[in-house]
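Spelled out, the chains give:
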Amino acid sequence: MIRVVFLFLISFIVLNAQEERVTSAALIKQKIEVKELKKELNTFYNKKEKEYQERKKELLDLIKKVETEKKAIEKIRNENLQLLQDINGEVEAKTSKIYNKMKPKVAASIFNEMINNGKVEDVFDIILRLKENNVTSLMKFLSPKNAAMLTLMLKEYRAKNQDEG
């Protein structure tokens, strides 16, 4: 009987040792698999991080290019506006010169016609550039309605410029 117990005990120990080896081997295998998976994940992450950095650089370059082009367009726009203002100023100066040389009665009839056609702002802009004594002479020949309208516009213009000045 001791032999049976002893045999039983030895077989139990041997079987238990084999189970432990199998369990240890499985654990080692799992550990290796986890390490490989971690390595793959790190590789994948590094690849995606590199792609992200490349895309980010491309976007930053595009933004920089757009900003540069925007500044160039703004510069061209400002130059064109200045050119347009110079042209308008030249046209207005020539127009004023022409009306300053005209007889007041002729200029007034032209202004009456322009105002009747809805061009009161254009007439007002011209009057602002005329010599004061020419405006006074010209007002005598404007229709009372048009003369009154321009007089009010001049009054408002002077009040506005005095407030700003």
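Up top you'll find the structure we're talking about.
In this report, the structure presented in the accompanying data block is examined. (Residues numbered from 1 in each chain as written. Predicted model: local features only at pLDDT ≥ 70, side-chain atom pairs only at ≥ 80, totals over all residues. Heavy atoms only, no water.)

**Observations regarding the overall build of the protein**
- Across its full length, the protein carries five helices and zero strands.
- In the protein, the succession of α and β elements from N to C terminus is α-α-α-α-α.
- Long-range contacts, defined as pairs at least 24 residues apart, comprise 65% of the intrachain contacts of the protein with a sequence gap of at least 6.
- Carbon and sulfur atoms provide 61% of the accessible area of the protein, an area that totals close to 14,300 Å². (Helix = DSSP H or I, 4+ residues; strand = E, 2+ residues; numbered from the N terminus. Contact = heavy atoms within 4.5 Å. Areas by Shrake-Rupley, 256 points an atom, 1.4 Å probe, with all protein chains shown as cover.)

**Side note on the nonpolar core**
- Membership of the largest hydrophobic core comes to 20 residues, with the highest contact counts inside it found for Phe 111, Ile 127, Leu 130, Leu 142 and Leu 150.
- Of all elements in the fold, only helix H2 (104-116), helix H3 (120-129), helix H4 (132-141) and helix H5 (144-164) reach the threshold of two or more residues within this core.
- Every residue in contact with Phe 111, bar those within four places of it in the chain, is listed here: Tyr 99, Val 123, Ile 126, Ile 127, Leu 130, Leu 138 and Leu 142. (Core = buried A, V, L, I, M, F, W, Y, C linked by side-chain atoms within 4.5 Å. Buried < 20%, exposed > 50% of the residue type's maximum accessible area, 1.4 Å probe, protein only.)

**Thoughts on the packing of aromatic side chains**
- The final tally for this structure, using the stated rule, is two aromatic pairs.
- Between Phe 124 and Tyr 157, the aromatic rings sit 5.8 Å apart at their centres with planes inclined by 75 degrees, giving edge-to-face as the arrangement. Note that Phe 124 is positioned in helix H3 and Tyr 157 in helix H5, a separation of 33 residues in sequence.
- For Phe 124, a relative accessible area of 7% corresponds to the buried category. (Phe/Tyr/Trp six-rings, centres within 6.5 Å; stacked < 30°, edge-to-face > 60°.)

**Some remarks on a nonpolar patch on the surface**
- A surface patch of nonpolar side chains, about 270 Å² in accessible area, is lined by Leu 83, Ile 87 and Val 91.
- Among the secondary structure elements, Val 91 is positioned in helix H1 (residues 2-101). (Patch = residues over 30% accessible without salt bridge, like charges linked within 9 Å, V, L, I, M, F, W, Y side chains within 5 Å. Salt bridge = Lys/Arg side-chain N within 4 Å of Asp/Glu carboxyl O.)

**Re the packing of H2 against H3**
- For the pair H2 and H3, the least separation of the axes is 7 Å and the interaxial angle reads 145 degrees. Where H2 approaches H3, its residues Phe 111, Met 114 and Ile 115 are matched on the opposing element by Val 120, Asp 122, Val 123, Ile 126 and Ile 127.
- For the contact of H2 with H3, the residue count by class is seven nonpolar, no polar and one charged. (Axes fitted to C-alpha atoms, helices over the stretch in contact; angles between N-to-C directions. Nonpolar A, V, L, I, M, F, W, Y, C, P; charged D, E, K, R; others polar.)

**Notes on the pattern of salt bridges**
- Evaluated as defined, the whole model comprises four salt bridges.
- For Lys 48, the salt bridge is made with Glu 51, and the minimal N-O distance between the two is 3.4 Å. Note that Lys 48 and Glu 51 are positioned in helix H1 at a spacing of three residues, about one turn of the helix.
- A residue is classified by how much of its surface remains accessible, and Glu 51, at 29% relative accessible area, is partly exposed.
- Measuring nitrogen to oxygen at the nearest pair gives 3.6 Å for the salt bridge that ties Glu 74 to Arg 77. Linking Glu 74 with Arg 77, this pair stays in helix H1, spanning three residues, or about one helical turn.

**Observations regarding the packing of H2 against H4**
- Between H2 and H4, the shortest axis-to-axis distance is 8 Å and the interhelical angle comes to 65 degrees. Regarding H2 and H4, the two cross each other, and that crossing is right-handed. Mapping the contact onto sequence places Pro 104, Lys 105, Ala 107, Ala 108, Phe 111 and Asn 112 in H2 and Ser 137, Leu 138 and Phe 141 in H4.
- Residue composition of the contact of H2 with H4, by class: six nonpolar, two polar and one charged. (Left-handed = near helix turned anticlockwise from the far one by under 90°.)

**Some details on H4**
- Those residues of H4 not exposed but buried are Val 135, Leu 138 and Met 139. Down the axis of H4, the buried set is contained in an arc of 105 degrees. They therefore lie on one face. Of the exposed residues in H4, the ones pointing more than 90 degrees away from its buried face are Asn 133 and Lys 140. (Arc of directions from axis to C-beta.)

**A word on the side chain of Ser 96**
- Within the element layout of this structure, Ser 96 appears in helix H1.
- According to the relative accessible area criterion, Ser 96 is buried, its value standing at 5%.

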